Structure formats: C-alpha cells, structure tokens
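The residues making up each chain are set out below.
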Amino acid sequence: MTATIVSEPLAATLAGLYERAEEQRSSASGPPRVQLPADATAQHRADLMSDRYMPISPDTGTLLYTMIRAARPEVVVEFGTSYGISGLYIAAALRDNGIGHLYTTELSSKKVTAATRNFEQAGVADVVTILPGDARETLASVTESIGIVLLDGWKEMYLPVLALIEPNLRSGATIVADNTTRADVAPYLDYVRDPGNGYMSMSMGARGHDAVEISCRL
Ligand SMILES: C[S@@+](CC[C@H](N)C(=O)[O-])C[C@H]1O[C@@H](n2cnc3c(N)ncnc32)[C@H](O)[C@@H]1O
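Quick notes on the rules
Residues numbered from 1 in each chain as written. Predicted model: local features only at pLDDT ≥ 70, side-chain atom pairs only at ≥ 80, totals over all residues. Heavy atoms only, no water. Helix = DSSP H or I, 4+ residues; strand = E, 2+ residues; numbered from the N terminus. Rg over C-alpha atoms; globule rule 2.2 N^0.38 Å. Buried < 20%, exposed > 50% of the residue type's maximum accessible area, 1.4 Å probe, protein only. Areas by Shrake-Rupley, 256 points an atom, 1.4 Å probe, with all protein chains shown as cover. Lys, Arg positive; Asp, Glu negative; His and termini not counted. Charge placed at Lys NZ, Arg CZ, Asp CG, Glu CD. Polar contact = N/O pair within 3.5 Å; in protein donor to acceptor, adjacent residues only side chain to side chain. Contact = heavy atoms within 4.5 Å. Pairing = 2+ DSSP bridges. Axes fitted to C-alpha atoms, helices over the stretch in contact; angles between N-to-C directions. Phe/Tyr/Trp six-rings, centres within 6.5 Å; stacked < 30°, edge-to-face > 60°. Lys NZ or Arg CZ within 6 Å of the ring centre and 35° of its normal. Core = buried A, V, L, I, M, F, W, Y, C linked by side-chain atoms within 4.5 Å. Near = heavy atom within 4 Å. Nonpolar A, V, L, I, M, F, W, Y, C, P; charged D, E, K, R; others polar. Right-handed = clockwise from strand over helix to strand, strands pointing away.

1. Brief notes about the overall build of the protein chain
The helix and strand inventory of the protein chain stands at eight helices and seven strands. Taken over C-alpha atoms, the radius of gyration comes to 16 Å for the protein chain, in line with the 17 Å a tight globule of 218 residues would show. The proportion of buried residues among the 218 residues of the protein chain is 54%. When the accessible surface of the protein chain is totalled, it reaches about 10,100 Å², and 55% of it is carbon and sulfur. Taking the average place of the 18 positive charges on the side chains of the protein chain and the average place of its 26 negative ones, the gap between the two points comes to 2 Å.

2. Some thoughts on the side chain of T4
Along the chain, T4 turns up in the segment before α1 (10–26). A distance of 2.4 Å separates polar atoms of two side chains, one belonging to T4 and the other to D96. Those residues in contact with T4 that lie beyond four places of it in its chain are L10, A11, A92, R95 and D96.

3. Regarding the sheet that holds strand β3 (residues 128–132)
Two strands in a sheet stick together by hydrogen bonds in their backbones, pointing the same way (parallel) or opposite ways (antiparallel). Reading across the sheet, the seven strands line up as β3-β2-β1-β4-β5-β7-β6 and stay open at both edges, with mixed pairing between neighbours. With partners counted over all chains shown, the strands left at the sheet margins are β3 and β6 (199–206), one partner each. Each strand axis lies, on average, 15° off the axis of its neighbour in the sheet, ignoring direction. The pairing of strand β1 (residues 75–79) with strand β4 (residues 146–151) spans four bridges and is classified as parallel.

4. Focus on the packing of aromatic side chains
The final tally for this structure, using the stated rule, is five aromatic pairs. Aromatic rings pair up to connect F79, Y158 and Y188 into one cluster. Sitting above the plane of the Y199 ring, R217 keeps its charged end 4.7 Å from the centroid.

5. Details of the nonpolar core
Counting residues in each nonpolar core, the largest one holds 40 residues, and the members touching the most others are I5, L10, L14, L88, I90 and V124. Every element with two or more residues in this core is listed here: α1, α3 (58–71), α4 (85–97), α5 (109–121), β3, β4 and β7 (210–217). The element that contributes the greatest number of residues to this core is α4, accounting for eight residues. Discounting residues that sit within four places of it in the chain, L10 has contacts with T4, I5, L88, A92, A122 and V124. V75, Y103, L131 and L189 belong to the second-largest nonpolar core, a separate cluster that totals 30 residues.

6. A few points about the site of the ligand
Near the ligand there are 23 residues, and of these G80, S86, E106, K111 and D152 occur at the shortest range. Here a nitrogen atom of the ligand sits 3.0 Å away from a polar atom, N or O, in the side chain of D134. Contact distances for the ligand include 3.5 Å between a nitrogen atom and a backbone N or O atom of W154. For the ligand, the protein covers 99% of the area, taking 610 Å² as the surface of the free molecule. Among the elements of the structure, β1, α4 and β2 (101–106) are those that each provide at least two residues to the shell around the ligand. When its residues are assigned to classes, the shell around the ligand shows eleven nonpolar, seven polar and five charged.

7. Regarding the pairing of β2
Here β2 lies mainly inside the structure; six of its six residues are buried. Bridge count between β1 and β2: five bridges; the pairing is parallel. Following the sheet pairing, V76 is matched in β2 by L102. Each parallel crossover has a hand, and for β1 linked through α4 to β2 it is right-handed. On the question of chirality, the crossover connecting β2 to the parallel β3 by way of α5 is right-handed.

By themselves, these observations are geometric and do not establish any function.
What follows is the structure, given as structure tokens:
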C-alpha cells in the first residue's frame, strides 16, 4: 500500500501550501506584519491574520500522522484549521486507516473557503468537516468520543477549548498542543501537567526553540 501522505494529489497539495507558507514567512515583500490592537477580539485577530498560514512544522505533521495511524481514532478534533496544512496530515492518516473523521474549526471565513478547496484538491474532503466559527462554541457540536486532538488556535484559548471537549475525551485520548513555549500557553501547561487533573503530559522540542506538549487522558 502506498500511503496517502506521500501520494498524489495530497503530497503535491501539501508541498504547494508549505512552499507558499515559507515564501510568506521569508519574503520581505509579503504581507506586512500585523499590528494587533491590545483589545482585539479573537474574530478581529483571525480576520487581520487571514492571509497568514502559520502551519505546524513538517515534523509535527509526521508525528500526528504516525499517532493517528497507531491509535486508529474514530474522531479527531482540531482547533485552528488555517489553510489546512495540519488537517492534510490528519486526513491522510484517517484515509490510510480506512476509519475516522476530522472535525476542524476556524474563525476566518476566508480560511474556511481556502481550506475547503485544499481538502477537495487533496482528495480527502470526505473525511473532514470544517466547523466555521469560534471553537469555544463550534466544538460543542462534537458529541462523539474523541481519540486525538490538535490544539493550534489562539494560544490563551487552549485551556477553555480543552475544558469544552474534555467530557468527550476517551480514556487514552491524546492531545497535541503546538507552540507551547508561548507565555499564554502557561495556564494550559499547568493544568495538563497536574496529575490531579487526569493527564500524563510531556514536552517535546520542535522547530528551533518551540515545543509541542503531548498529553494522554488517563
Ligand atoms: C496557527 S494557525 C493554525 C495552523 C494550522 N493548524 C496548520 O498547521 O495549518 C491558528 C488558526 O486558528 C484560528 N483560530 C484562532 N482562534 C480561534 C477560535 N477561537 N476558533 C476557531 N479558530 C480560531 C486562527 O484564525 C488561525 O487561522
């Protein structure tokens, strides 16, 4: 069997998206760095950043693909779709498992449209549902038992999003939280690292000085 992650059309879609993300990151002529007002709402920030890819690293994508192949979850939840790069790793693993569905949520309507197109182009739209809107509301509609979670939206919302989906995490569910060296992730890290809250949790180095937190629901 040839894995979806290294087969067309998904591999070319993923490579094209990473290329554009990298061009944007490194190009002086790319969109100007966004100055966010201190009181900007989550929606306002999402709209101001609607051109920004901000993807997980390829290593984190490979980690997710591998975890999903091993755990064979029926439901995967993602907080922060953006242009669908992380979603493509997840959807490829679900396709190769022959079981499971991804629910991913995004505040920016421009990104919802773009990610929908990218999942279609990659041939995995049937295993993905994009929930447009604020994760703190949209993820209430996911009532099935959740096996794997990727947290990659605005960082200070990791804990409230976890609180919303926590009752639906199955025993052994694994949560991958990206960009955990950011100061606003601290309340989330304090929570999942406190054994009294029912997780085993560890940090793994990722891309430069960044890290991901991997937490297992006990
Ligand atoms: C770092 S990007 C996600 C990148 C994506 N996971 C990938 O690897 O391609 C974060 C995204 O989360 C979205 N977001 C932030 N807060 C959100 C919220 N409360 N509900 C839904 N989406 C949110 C932002 O609009 C942004 O597109």
